[in-house]
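# Notes for the structure review
Chain residues, written in single-letter form:
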Amino acid sequence: MIDPEQLHARILEELDMTREIEDDELNRLIYRVLQEASEQEYLPLARKTALGRELFNTFRKLDLLQEFLEDDTITEIMINGTQNIFYERGGRIYRSDKRFISRDKLEDVVQQIVAGANRLVNEASPIVDARLPDGSRVNVVLAPIALDGPIVTIRKFSKEGITMEQLISWNSVSKEVSGFLARLVEAGYNIFISGGTGSGKTTFLNALSQYIPKTERIITIEDNAELRLQDVPNLVRLEARNANVEGTGAVTIRDLIKSALRMRPDRISGISGATSPISLINQDFLHQVYPRSMKASNFRHFYLKSTTTNTFLYLLW
């Protein structure tokens, strides 16, 4: 039986690592190796095509993860070491028959993801949150914290922004509540959205953003850039940065808020973690209560210490 790992090794031997290889040239090399292998052992066309795609993804993209990322029906990918890969589709979790060929290969993919988000993860700092270019949220845990190999969890987001009309059609929110929130947004109320992991905080704020007046200047501040505010022409997106290997160069949420207040914002929207409340607040409120006005005791309770009256809290259960 043809072993993909052996094919990978043969292609690697023939690659000229002293120069940049174009995608077309890499594809030709892959299919030449596959053709040679099929002359020794029968290889159906469908299997050859699948192997060619897998090998290309190994060299150019995120290995076998690429197939899951390109499948729009998959909403979450969970990797528990090299041998256990699960994915969520339609609200149900399934186990994949895909496997990473080695722990080193999985760690290479992890480093590729993390480096693309300008983050760092290693044994000294084994936990990191990052994101993919398409906005998918990534959490990585390495040894010695992860006992059975690297743990990678990827939360995918819809390529098309979800609108409030869609939420209404799905019975996620009523027309009455939607209309009420629209008036609050248009009137400049401060809105805090709180809920547990996966409850839809980011999705809801993205949908809510369609009611923001087009004349306003909006600044988003996030640990990892996930918000996709809809149809906001004057938009500034800021993302915090962790310290580098030397322990310097960190840019915190606090730093970004200080800077944002000098950018003449009408509103600042922010999220500081998957379980933290997210908000849409006007700049006058930030000047009044920053930096110690908010306290989240758990996922379902959010307390606001302010004399400001035009503040609204929305809970997602």
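Definitions and limits used
- Residues numbered from 1 in each chain as written.
- Predicted model: local features only at pLDDT ≥ 70, side-chain atom pairs only at ≥ 80, totals over all residues.
- Heavy atoms only, no water.
- Phe/Tyr/Trp six-rings, centres within 6.5 Å; stacked < 30°, edge-to-face > 60°.
- Helix = DSSP H or I, 4+ residues; strand = E, 2+ residues; numbered from the N terminus.
- Buried < 20%, exposed > 50% of the residue type's maximum accessible area, 1.4 Å probe, protein only.
- Pairing = 2+ DSSP bridges.
- Axes fitted to C-alpha atoms, helices over the stretch in contact; angles between N-to-C directions.
- Contact = heavy atoms within 4.5 Å.
- Salt bridge = Lys/Arg side-chain N within 4 Å of Asp/Glu carboxyl O.

So, on to the packing of aromatic side chains. Following the criterion strictly, the structure yields two aromatic pairs and no others. Between F68 and Y87, the aromatic rings sit 5.7 Å apart at their centres with planes inclined by 40°, giving tilted as the arrangement. Of this pair, F68 sits in helix α4 (residues 65-70) while Y87 is found in strand β2 (residues 84-89), placing the two residues 19 residues apart along the sequence. Given the relative accessible area of 5%, F68 is considered buried. Ring plane angle 25° and centroid distance 5.7 Å describe the contact between Y87 and Y94, whose orientation is recorded as stacked. Residue Y87 is classed as buried on the basis of its relative accessible area, which comes to 14%. Y94 gets classed as partly exposed once you look at its relative accessible area, which sits at 31%. Among the aromatic residues, those joined into a cluster by ring pairs are F68, Y87 and Y94.

With that settled, consider the sheet that holds strand β1 (residues 74-80). On the basis of which strands lie adjacent, the open sheet formed by six strands has the order β3-β2-β1-β6-β5-β4 and antiparallel pairing. Each having just a single partner strand, β3 (92-95) and β4 (127-131) make up the two edges of the open sheet. For this sheet the average axis-to-axis angle between neighbouring strands, irrespective of direction, equals 15°. As paired strands, β1 and β2 are joined by six bridges and run antiparallel to one another. Following the sheet pairing, M78 is matched in β2 by F86. Against the sheet, helix α5 (residues 103-116) engages β1, β4, β5 (137-141) and β6 (151-155), with an angle of about 130° to β5.

Attention now goes to the pattern of salt bridges. This structure, assessed with the given rule, holds eight salt bridges. With a closest N to O distance of 2.7 Å, E239 and R131 form a salt bridge. With E239 in strand β9 (residues 235-239) and R131 in strand β4, this residue pair connects regions lying 108 residues apart in the sequence. A residue is classified by how much of its surface remains accessible, and E239, at 27% relative accessible area, is partly exposed. For the salt bridge of E216 with R267, the shortest nitrogen-to-oxygen distance reads 2.4 Å. Within this pair, whereas E216 is found in the loop between α8 (201-208) and β8 (218-222), its partner R267 is found in strand β10 (residues 267-271), the two being separated by 51 residues in sequence. Comparing E216 with R267, the two get one shared label, buried.

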